[in-house]
Amino acid sequence: MSGKEFQTYFPHSGRIDEANTSTEIDEKTIAELEEIVARYPQPRSAVLPMLHLVQSVDGRVSPRGLEVIAELAGITPAQVSGVATFYTMYRKHPAGKHHIGICVTALCAVMGGDILYDKVSEHLGVGDGETTADGSFSLERIECNAACDFAPVMMVNWEFLDNMTPEKATQILDDLAVGRPVKPNRGATLTSFKENERVLAGFNDGRADEGVSAGEPSLLGLSIAKERGWAAPKPGAAPKEEAPEAKEGSGK
Amino acid sequence: MTDLLTPVLCENWGTEKSWKLSAYLLSGGFSAAKKALKLAPADVVGIVKDAGLRGRGGAGFPTGLKWSFVPQDNPNPKYLVVNADESEPGTCKDMPLLLASPHTLLEGIVISSYAINCHTAFVYVRGEVVHVARRLQAAVAELHEAGWLGKNIQGSGFDLDIVIHSGAGAYICGEETALLDSLEGRRGQPRLRPPFPAVAGLYASPTVINNVESISTVPSIIKNGAEWFAGMGTEKSNGFTFYSLSGHVKRPGQFEAPLGITFRQLLELSGGMRDSHELKFWTPGGSSTPILTPEHLDVPLDYEGMASVGSMLGTKAMQVFDETTSVVRTTLRWSEFYKHESCGKCTPCREGTWWLVQLLRRLEAGEGQEGDVDKLLAVTEDINGLSFCALAGGAVACVTSAVRHFRPEFELGYTTPAWESFPYERSAVFIKDRPDGQSEGGRV
Ligand SMILES: Cc1cc2nc3c(=O)[nH]c(=O)nc-3n(C[C@H](O)[C@H](O)[C@H](O)COP(=O)(O)O)c2cc1C
Ligand code: SF4
Ligand code: FES
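Think of each chain on its own: its residues are numbered from 1, step by step along the sequence as written. Lettering of chains starts at A and numbering of ligands starts at 1, both following the order in which they are written. For a predicted model such as this one, the threshold for reporting local features is a pLDDT of at least 70, and the threshold for listing and counting side-chain atom pairs is 80 or more; totals across whole chains, interfaces and linings nevertheless cover every residue. No hydrogens and no water enter the side-chain calculation; it runs on all heavy atoms of the structure.

## Considerations on the site of ligand 1
Residues and elements named next belong to chain B. Put simply, the test is: For this purpose, a residue is taken to be near a molecule or strand whenever a single non-hydrogen atom of the residue falls within 4 Å of it. Polar contact criterion, stated in full: a pair of N or O atoms within 3.5 Å, where within protein one must be able to donate a hydrogen and the other to accept it, and residues adjacent in sequence count only if both atoms are side-chain atoms. To be clear on the numbers: accessible area is Shrake-Rupley with a 1.4 Å probe, and residue cover counts the displayed protein chains and nothing else. Strands are runs of DSSP state E lasting at least two residues, helices are runs of H or I lasting at least four, and both sets are numbered from the N terminus onward.
Ligand 1 sits among 18 residues. The nearest are G57, N83, N210, N211 and S214. One of the backbone nitrogen or oxygen atoms of G57 is found 2.7 Å away from an oxygen atom of ligand 1. Taking S214, its side chain carries an N or O atom lying 2.6 Å from an oxygen atom of ligand 1. Relative to its free-state accessible area of 610 Å², ligand 1 is covered by the protein chains to the extent of 89%. The element that contributes the greatest number of residues to the shell around ligand 1 is strand β4 (residues 207-211), accounting for 3 residues.

## Quick look at the interface of chain B and chain A
The extent of an interface is frequently quoted as the accessible surface area lost upon association of the parts. Quick note on the threshold: The contact criterion used is simple: two residues touch if any of their non-hydrogen atoms lie within 4.5 Å. A simple way to read buried area is as the amount of 1.4 Å-probe accessible surface that goes missing from two parts once joined, with both sides added. By definition, a salt bridge exists where a carboxyl oxygen of Asp or Glu is found within 4 Å of a side-chain nitrogen of Lys or Arg. When residues are sorted by character, Ala, Val, Leu, Ile, Met, Phe, Trp, Tyr, Cys and Pro go into the nonpolar class, Asp, Glu, Lys and Arg into the charged class, and all the rest, Gly among them, into the polar class.
Residue-level contacts link 109 residues of chain B with 102 residues of chain A. With both chains or domains summed, chain B and chain A bury close to 8,700 Å², and 60% of this area falls on carbon and sulfur atoms. One can count 5 salt bridges joining chain B with chain A. B:K20 is paired through a salt bridge with A:D209; the nearest N and O atoms lie 2.9 Å apart. Seen at the junction of chain B and chain A, the total is 41 residue pairs in polar contact (both at pLDDT 80 or more). Class assignment of the residues belonging to the side of chain B that touches chain A gives a composition of 46 nonpolar, 38 polar and 25 charged.

## Re the site of ligand 2
Taken together, 13 residues lie around ligand 2, and B:C343, B:K345, B:C346, B:C349 and B:C389 are the ones closest in. In terms of residue class, the shell around ligand 2 is built from 9 nonpolar, 3 polar and 1 charged.

## Examining the domain arrangement of chain A
Here is the rule we go by: As annotated, the domain borders come from an automatic or database domain assignment.
When the domains of chain A are assigned, the result is domain 1 (1-94) and domain 2 (98-191). The C-alpha-based centres of domain 1 of chain A and domain 2 of chain A are spaced at 26 Å.

## Section: the sheet that holds strand β5 (residues 240-247) of chain B
All names here are of chain B. Our working definition: For two strands to be treated as a pair, DSSP must find at least two bridges joining them. Axes here mean lines fitted to C-alpha atoms, for a helix over just the part in contact, with angles spanning 0 to 180 degrees between N-to-C directions.
A sheet is described by the order of its strands in space; here 4 strands give the open sequence β6-β5-β8-β7, paired in mixed fashion. Only two strands of the sheet have a single neighbouring strand rather than two, namely β6 (253-258) and β7 (279-283). Neighbouring strand axes in the sheet, compared pairwise and without regard to direction, differ in orientation by 25 degrees on average. Alignment of β5 against strand β8 (residues 317-322), held across 4 bridges, turns out to be parallel.

## Notes on the pattern of salt bridges
Rules: Each residue is assigned to one of three classes by its accessible area relative to the maximum for its type, calculated with a 1.4 Å probe on protein chains only: buried under 20%, partly exposed between the two thresholds, exposed over 50%.
Under the counting rule described, the total for this entry stands at 37 salt bridges over all chains. Ionic pairing is found between B:R333 and A:D114, a salt bridge with its closest N-O pair at 2.9 Å. One end of the pair, B:R333, is in helix α13 (residues 327-341); the other, A:D114, is in helix α5 (residues 106-124), on a second chain. The partner of B:R333 in a salt bridge is B:E336, with the nearest N and O atoms 3.6 Å apart. Residue B:R333 and its partner B:E336 are both found in helix α13; the two are separated by 3 residues, about one turn of the helix. Residue classification places B:R333 among the buried positions, given a relative accessible area of 12%. Relative accessible area serves as the criterion here: at 22%, B:E336 is assigned to the partly exposed category.

## Looking at the packing of helix α6 (residues 102-116) of chain B against helix α9 (residues 212-224) of chain B
Residue and element names in this part refer to chain B. In plain terms, the rule: Convention used here: angles under 35 degrees read as roughly parallel, angles over 145 as roughly antiparallel, angles from 65 to 115 as roughly perpendicular, and any remaining angle as oblique.
Between α6 and α9, the shortest axis-to-axis distance is 7 Å and the interhelical angle comes to 75 degrees. Classified by the angle their axes make, α6 and α9 are roughly perpendicular. Contacts between α6 and α9 pair T104, L105, E107, G108, I109, I111 and S112 from the former with V212, I215, S216, V218, P219 and I222 from the latter. Tallied by class, the residues present in the contact of α6 with α9 amount to 8 nonpolar, 4 polar and 1 charged.

## A closer look at the pairing of β8(B)
Residues and elements named next belong to chain B. Across the 6 residues of β8, 6 count as buried, placing the element largely inside the fold. Relative to β8, β7 is paired through 4 bridges, and the arrangement is antiparallel. Bridging across to β8, T283 finds its partner in Q319.

Below, the structure written as structure tokens:
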């Protein structure tokens, strides 16, 4: 070693784990992959949902998964791999039964997401991108999940756990660990990472009717308007005026 | 004078099973689609044009005008692609809309597809929201059963299918041409324009790409008329829209109001800042729009108003921060976001965002070196205008605007860690600390 060897800032290979060749993909999976292809005008468009389906079976993007997708999409496994490694939701290593995401983008981080992440990481004993030894949980620092008015936000298997606190989060993890049912704030009772990946692949699980219509913050403007009798004008009755003046209370 | 809030799209949210077709029909749903299918497609485009609806995905391009660019003599199929990627930090309006009332969007898709002569429409939904995908998939199935999708819908002779497509975690796929590459099963990287998607988009065919809120607004315009819509808002920013408040306010949430409402008015509606704290800075339209300060409380929140103070209306996502917040910390976090989400296609953005993060990290840690703030600005100049797509502009704007308003705080990073100047736990607000004490622990 001369001490002048090239040092990369990207020590971890971005590739999928080719050493782990285990797979659960079978005839049924392949038939379902074909169903996905049939939804699109061109087969290659099915690559993203097909990768979700592979993850629903193997918990990650497996080498076998790459092969079958390549064949159905009419491209090479290397091309599928190039796509898979571009998107953060596709995993190189198996997710836990439950995949935990904590939002650490600016707004959530400031509102408590950083504290939340540290507590959850400590509680599970794993860090960003890692899976617990028993395979129950994987953890990820995630980016803004379009729920900032519910900050700080935790996602479990990509379901919303809103207005999270460290206490609530650890309770949820403990409940999940012993198989107690947990309902997200806006979504369907938590099942598993794999089952939800199936939904993302376009195979509905018939649970759209679970959960609420909207959380409180989503309804805030509507409820204020109702209270004060505010509404959009009736058609045919709205001459345009200047922008509402600042400080004008009710516009009526 | 129009009322301060004008709930239209959110009017049916929160009602019993509001996401079901039966509930949507009870609230008058699909009457606009019925009306549209009896008009000539060009007349539908004309109404949306006259209404002056501008795209709600951030850029504010006139929607009807975009539709009119679709060359109807092109022999290829025409496509409508709805952008439901909603990933701009702070933006949180499309997902609640899709959870509460997916049929509002789907009715908009029926009308818009008819207008541009499209028979296969796509909804590209960000991947990290399973329940939204569930509700959309179920809603599409309901419409097939009710004869609102498929062949010859409602006996009109018009055929339409809608494909719900889940993404896989890449902010850049919200950029419309990257979205198209992603939908074609590739890495999501922006395309060179021209050709514009209206001419050569998905599968090199004429394609209209619109935001969820834009398309969801269409049924109300068809139902109530262009004049009704144009009667709300300001001179060049017509109609109503969602304003989303998050952060250190008493009650964060969604407000549907005519364009031109001010931040002061919205702040009042959300109960003001949390008790004994004051406003420090805010974003008008997500993290890619230059931050503003209390000085800008009374500027109308429309396209022109925001431009007049050097910012942008963007996605109308107001992230609100009080005086406990370190602006160096938030700028770093946003920069980390852009660094992570840079698609890597062009060097100034790929490398530049990396350098921004390095500089900001040492400023946050109080280990900055004399001249680092100027270096930070120099890096933004190497990125700005030299990059391929608008992601880079956002990455730059959040840094330059923060330095413009709070330069001394960045310079404090030469000597003092941000977490000492602004102890981070003081900014955290777990819900039990909220003055209105909303049900701590009660909802999970
Ligand atoms: C980096 C980047 C991310 C974007 N993300 C979104 C998004 O998530 N949703 C969206 O509707 N538009 C997004 N846009 C804007 C789109 O490119 C496009 O302008 C918009 O979808 C057009 O629809 P509209 O005219 O109805 O607004 C993004 C743009 C950029 C540059
Ligand atoms: S500016 Fe950034 S995100 Fe846009 S094409 Fe270049 S590298 Fe990709
Ligand atoms: S910043 Fe966390 S959900 Fe938006």
